Each structure stands twice: as C-alpha cells, then as structure tokens.
Amino acid sequence: MAPSFGMFQRAPRKSPAERTVTLIGRPGCHLCDDAQAVIERICAETGASWEKKDITEDAELHRKYWEQIPVILVDGAQHDFWRVDPKRLRTALGA
C-alpha cells in the first residue's frame, strides 16, 4: 500500500479572478494614491477584485497599520507596505 501524503498536498491555486487585493490607507496620503493607481491597473489586467479601507474609520486597522500605510493585503494576508511593486503583485495574484 502506498503512503498517503494528503495532509502535505498544496491547496489548488486560485486564479487571479478569485483573489482580492485590499489597500489600507488614509485620505491625503500621496503614497496611498500611488499604491491605488498600481492596484487598480494590475487588478484590471488580471481580473482580481480590490477594495480600499480607511484607517481613520477603523480603530483596529489604525492601531495595527498606522506606521506602515499604505498596506496592501492579498486575500487578507499582508503582501506589502509603503510601495507596490507591480511585478510582485502580479506574481502574488498568480498572473
């Protein structure tokens, strides 16, 4: 009987269209505006969805990310902060 490695198998890779990018920032932040432009472009190219969250409206986000904004999450996991590298984001989205 062959050994079972089921618990070590990777989960099926999500397509970019199944991924969500979250931009955490605040109004008036020029780095946040720059990050948004990159995210909008890459998500439009790959079919990924994206959302924006304002740390001034969420005390927990403010506490957690204030010194790092903009912060970029992919499917809820921190991907980057301050600057967005388009190539790295495409790779993270599986594109």
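Below: a short report on this structure. Keep in mind that what you see is a predicted model, and the values were worked out from it rather than measured. (Residues numbered from 1 in each chain as written. Predicted model: local features only at pLDDT ≥ 70, side-chain atom pairs only at ≥ 80, totals over all residues. Heavy atoms only, no water.)

### A closer look at unusual backbone geometry
Link 1 in the chain: Here the bond from I69 into P70 is cis, since omega is -5°, no more than 30 degrees from zero.
Link 2 in the chain: In this structure, P70 sits in the loop between α2 (59–65) and β3 (71–74).
Link 3 in the chain: If you check the backbone angles, D75 has positive phi at about 55° while not being a glycine.
Link 4 in the chain: Relative to the elements of secondary structure, D75 occurs in the loop between β3 and β4 (77–81).
Link 5 in the chain: Relative accessible area serves as the criterion here: at 31%, D75 is assigned to the partly exposed category.
Link 6 in the chain: One non-glycine residue, W82, lies in the positive phi region at around 70°.
Link 7 in the chain: Tracing the sequence through the fold places W82 in the loop between β4 and α3 (86–92).
Link 8 in the chain: A residue is classified by how much of its surface remains accessible, and W82, at 44% relative accessible area, is partly exposed. (Helix = DSSP H or I, 4+ residues; strand = E, 2+ residues; numbered from the N terminus. Buried < 20%, exposed > 50% of the residue type's maximum accessible area, 1.4 Å probe, protein only.)

### Some words on the sheet that holds strand β1 (residues 20–25)
Link 1 in the chain: Spatially, the four strands line up as an open sheet ordered β2-β1-β3-β4, and their pairing is mixed. The outermost strands of the open sheet, each flanked by one partner alone, are β2 (49–54) and β4. Strand-to-strand twist of the sheet, defined as the mean angle between neighbouring strand axes without regard to direction, takes the value 25°.
Link 2 in the chain: In terms of strand pairing, β1 meets β3 through four bridges, oriented antiparallel. Bridge assignment links V21 to a residue of β3, and that residue is V74.
Link 3 in the chain: Set on the sheet, helix α1 (residues 30–46) makes contact with β1, β2 and β3; between it and β1 the angle comes to about 170°. (Pairing = 2+ DSSP bridges. Axes fitted to C-alpha atoms, helices over the stretch in contact; angles between N-to-C directions. Contact = heavy atoms within 4.5 Å.)

### Examining the pairing of β3
Link 1 in the chain: Every second residue of β3 is oriented toward a common face, with V71 and L73 on one face and I72 and V74 on the other, all of them buried.
Link 2 in the chain: Alignment of β3 against β4, held across four bridges, turns out to be antiparallel. Bridging from a neighbouring strand, I72 pairs with D80 of β4.

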